[in-house]
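Residue-level structure breakdown
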Number of protein chains: 2
Amino acid sequence: MKKYFKILRKCPLFDQITDDNLLRMLVCLGARVETFEKKYTIFAEGAPANHIGIVLSGSAQIIQVDYFGNRSILNSIEPAQMFAEAFACAEVRSMPVSVIANEPCEVMLIDCRHILHTCSNNCEFHQQLIFNLMKDLATKTIMFHQRIEITSKRTTREKLMAYLLLQAKKSGSNSFDVPFDRQELADYLEVDRSGLSAEIGKMKKEGLIDNSKKHFVLL
Amino acid sequence: MKKYFKILRKCPLFDQITDDNLLRMLVCLGARVETFEKKYTIFAEGAPANHIGIVLSGSAQIIQVDYFGNRSILNSIEPAQMFAEAFACAEVRSMPVSVIANEPCEVMLIDCRHILHTCSNNCEFHQQLIFNLMKDLATKTIMFHQRIEITSKRTTREKLMAYLLLQAKKSGSNSFDVPFDRQELADYLEVDRSGLSAEIGKMKKEGLIDNSKKHFVLL
DNA sequence: TAAAATCTGTTGAATTTTCAACAAAACGGA
DNA sequence: TCCGTTTTGTTGAAAATTCAACAGATTTTA
C-alpha cells in the first residue's frame, strides 16, 4: 500500500490524516486496489453503489447511456480524485451511471459503509473522513454547476467557448490539453460530433482558437 | 422559533436531532429568519457564500443568468429544503448563482462556519450536523445527475417527457403539478418557451399527455 | 370593476443542429 | 513497415430549435 501514499496524500478524502494513521486506516476500512484495462467497466449502471473509488493512476469517465444508446459524459476523473462517493453516501441501491476506465487504471475501492458507520474499533478518524467527504461533495456540486453553465448554452460554439474558457482558467494558461477526444468532448458538451468538428474548424479559420487533437489555445 | 419546529423537523439538516436540542442549537448557531416578497432576491450572484438557507414557507428557485441575459433554472426549493449549502460548505468566496423567492417566503439563515468549525461551547451536535450535511449534499448530487439526464436529451419533446416521467415517479402518480410556469419550465429544460408550448400542444393532440397550466397528466 | 400587466399559444422565417455517409489521417499491432 | 482499426473532418439534406411578433387568456392592481 505504501507505494500509493504519494497519490493518496493528494486525495481530498485523506485531508488532515497523518501518514502514520493512513496505513492503519486503510486496513481498517478494508481498502483494496484493483486494476482495469482501457475501456473496461469499473462500475456498471445498476450495480450496487456501496464503494467509493479513488483513481490512483490513469483516468476514468462517468457516463450515462440512455434508452437509445446516446452517451453523456458527466465528468473525467483524474488521479487522486474520487468517484461514486455521492451514490455511496446517499446509500442508493444501485448506480445510476457507469464508470469506465479511460486508460489503464489503478483504482482504490473502499466500502463507504465502513466510513459512515462507526466500526467496532471505534477509530477516531471517522469524523475526519466524514468531514472530508462533505467537503468533496460540496466541491462536486460546484463542478456540476459549472457543467450546467456550459451545457445550458444553446449553440455548439457557445458551449465550446464556455468550456474552453473554464479549462483555461483552471489550467492558468491559454494553452492547455483537454481530457477528451472529439467524440468524448461532444458527449460532454451534449452536441453532435461532426457539428463540433465543423465548429472547431470555423473557429480556427476565424482566428479565435488554435487546436490540434486534444490541445487547444485561446487566441 | 418554536412555530417553525414542525417544518424544521422535516429538514434533512436536523435529522436525528431531538426537539429538546433543536432550540438550543438554533441559538448557538445564530439562526435567524427573514421574509422575502415574491421575486425578491434572497442571495445575489457574487454575494458572499457563508450562509445556508432553509425554506420554511413559500418556495425559491436557484437560477443562473449568463452574459447575454439567458436564464437557467437549476432547481426549485420547496419548504424544509436547503439551498446554498454547497457553496457555504466548499467555502467559496462568492455565490455563482442567485436564489430568488418564487412566492412570499420565510427563510431560515445559518452561518455555515458555525456548523463547520466547532464553537467555544463545544456542543456535541456539530458532528451530527456535518453528517447530515454530507447526506444532503450526496442527495443534491444525485438530483443534478437526474437533471443532466433530462437536459442531455436533444429534442424538446424528449426533454419534456423525461422530466414528466421523473415527476410522475416522484409524486407517485400520473397526475401531478410541476413547480414551474411555462417560461420557467423552459428555463429548467433549457429550451425555447414558444417551442415548448407548441410541443405540449402537439403531445396533447397525440393523446400522450393532458395539461392545463401547471397540471400534467401522463396518459 | 376596469385597466394594466403578465402569461400562453401560434405562426413563419431564419438559424442551427442532427444525421448518414464517406474519405483522409492517425494510430496500434503483428 | 504494412494492414486493419479508429479517429477526425467534410458534406448536404432533413429535422428541430430559435427568434420575433402578435393576439387571446389570465392574473394582478388600482
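Scroll up to find the structure this text is about.
Summarised in this report is the structure supplied together with it. (Residues numbered from 1 in each chain as written. Chains lettered and ligands numbered in written order. Predicted model: local features only at pLDDT ≥ 70, side-chain atom pairs only at ≥ 80, totals over all residues. Heavy atoms only, no water.)

Considering the overall build of chain A
Looking only at helices and strands, chain A features eight helices and 11 strands. Dimensions along the principal axes, computed over C-alpha positions, put chain A at roughly 65 × 40 × 30 Å. Counting across all 219 residues of chain A, residues that qualify as buried make up 51%. Contacts in chain A between residues far apart in sequence, at least 24 positions, make up 72% of those at least 6 positions apart. Counting every atom, chain A has about 10,300 Å² of accessible surface; 50% of that belongs to carbon and sulfur. For chain A, the distance from the average position of its 28 positive side-chain charges to the average position of its 26 negative side-chain charges is 3 Å. (Helix = DSSP H or I, 4+ residues; strand = E, 2+ residues; numbered from the N terminus. Buried < 20%, exposed > 50% of the residue type's maximum accessible area, 1.4 Å probe, protein only. Contact = heavy atoms within 4.5 Å. Areas by Shrake-Rupley, 256 points an atom, 1.4 Å probe, with all protein chains shown as cover. Lys, Arg positive; Asp, Glu negative; His and termini not counted. Charge placed at Lys NZ, Arg CZ, Asp CG, Glu CD.)

Let's talk about the packing of aromatic side chains
Taken as a whole and judged by the stated rule, the model has 11 aromatic pairs over all chains. Here B:Tyr67 and B:Phe68 contribute two aromatic rings whose centre-to-centre distance is 5.2 Å and whose plane-to-plane angle is 90°, an arrangement assigned as edge-to-face. In this structure, B:Tyr67 and B:Phe68 share a single accessibility class: exposed. Taken together, the aromatic side chains of A:Tyr163, A:Phe180 and A:Tyr188 make up a single cluster linked through ring pairs. Positioned above the aromatic ring of A:Tyr188 is the side chain of A:Arg147, whose terminal nitrogen or guanidinium carbon lies 4.9 Å from the ring centre. (Phe/Tyr/Trp six-rings, centres within 6.5 Å; stacked < 30°, edge-to-face > 60°. Lys NZ or Arg CZ within 6 Å of the ring centre and 35° of its normal.)

Considering the pairing of strand 10 (residues 209-212) of chain B
Residues and elements named next belong to chain B. Judged by which residues are buried, strand 10 turns out to be one-sided: Ile-209 and Asn-211 face inward and are buried, whereas Asp-210 and Ser-212, on the alternate face, are not. Pairing of strand 10 with strand 11 (residues 215-218), which is carried by four bridges, proceeds in the antiparallel orientation. Of the residues in strand 11, the one forming a bridge with Asp-210 is Val-217. The turn joining strand 10 and strand 11, which pair antiparallel and follow one another in sequence, is formed by two residues; a positive phi near 55° is taken by Lys-213. (Pairing = 2+ DSSP bridges.)

Digging into the protein's contact with DNA strand D
Around DNA strand D lies a shell of 14 residues, among which A:Arg182, A:Arg193, A:Ser197, B:Thr156 and B:Asp192 are the nearest. With respect to DNA strand D, the side chain of A:Arg154 contributes an N or O atom lying 3.2 Å from a phosphate oxygen. In the environment of DNA strand D, a phosphate oxygen lies 2.7 Å from a nitrogen or oxygen atom belonging to the backbone of B:Asp192. Elements with a contribution of two residues or more to the surface near DNA strand D: helix 7 (182-189) and helix 8 (193-205) of chain A together with helix 8 (193-205) of chain B. Here the surface near DNA strand D gets three residues from one element, more than from any other, and that element is helix 8 of chain A. When grouped by side-chain class, the residues that make up the surface near DNA strand D number one nonpolar, six polar and seven charged. (Near = heavy atom within 4 Å. Polar contact = N/O pair within 3.5 Å; in protein donor to acceptor, adjacent residues only side chain to side chain. Nonpolar A, V, L, I, M, F, W, Y, C, P; charged D, E, K, R; others polar.)

A closer look at a nonpolar patch on the surface
Residue and element names in this part refer to chain A. A grouping of Met-1, Leu-23 and Val-27 is seen on the molecular surface, where their side chains present a nonpolar patch of about 260 Å² in accessible area. Here Met-1 is to be found in the segment before helix 1 (5-8). For Met-1, a relative accessible area of 38% puts it in the partly exposed group. (Patch = residues over 30% accessible without salt bridge, like charges linked within 9 Å, V, L, I, M, F, W, Y side chains within 5 Å. Salt bridge = Lys/Arg side-chain N within 4 Å of Asp/Glu carboxyl O.)

A closer look at the environment of A:Leu196
Residues and elements named next belong to chain A. The residue Leu-196 is located in helix 8 in this model. Taking the relative accessible area as the measure of exposure, Leu-196 reaches 0% and is therefore buried. A C-alpha to C-alpha distance of 8.0 Å links Leu-196 and Arg-157, two positions 39 residues apart in sequence. In contact with Leu-196, other than residues within four places in its own chain, are Thr-156, Leu-160, Arg-182, Leu-185, Ala-186, Leu-189 and Val-191.

Observations concerning the interface of chain A and chain B
The interface is formed by 38 residues belonging to chain A together with 38 residues belonging to chain B. Across the chain A to chain B interface the summed buried area is about 3,300 Å²; carbon plus sulfur atoms make up 66%. Summed over the three residues of chain A that lose the most area to chain B, namely A:Met134, A:His145 and A:Ile148, the buried surface amounts to 19% of that side. Two residues, A:Lys153 and B:Asp66, come together in a salt bridge whose shortest N-O distance is 3.6 Å. Joining chain A to chain B, the criterion identifies 10 residue pairs in polar contact (both at pLDDT 80 or more). (Buried area = accessible area lost by both parts, 1.4 Å probe.)

A closer look at the environment of A:Gln61
All names here are of chain A. Inspection of the secondary structure assignment puts Gln-61 in strand 4 (residues 60-65). Overall, Gln-61 belongs to the buried group, its relative accessible area being 3%. Sequence separation between Gln-61 and Ile-42 is 19 residues, and the spatial gap between their C-alpha atoms is 9.7 Å. Setting aside residues up to four positions removed in sequence, Gln-61 forms contacts with Ile-73, Asn-75, Ser-98, Val-99, Ile-100, Asn-102, Pro-179, Phe-180 and Glu-184. Side chain to side chain, Gln-61 and Asn-102 meet in a polar contact 3.5 Å long.

Here we look at the protein's contact with DNA strand C
Near DNA strand C lie 14 residues; those nearest to it are A:Thr156, A:Asp192, B:Arg182, B:Arg193 and B:Ser197. In DNA strand C, the atoms that sit within 4 Å of the protein are 56% sugar and phosphate, with bases accounting for the remainder. At 3.3 Å, a side-chain N or O of A:Ser194 approaches a base nitrogen of DNA strand C. Take B:Ser197: an N or O atom from its side chain is 2.8 Å from a phosphate oxygen of DNA strand C. Only helix 8 of chain A together with helix 7 (182-189) and helix 8 of chain B provide two or more residues apiece to the surface near DNA strand C.

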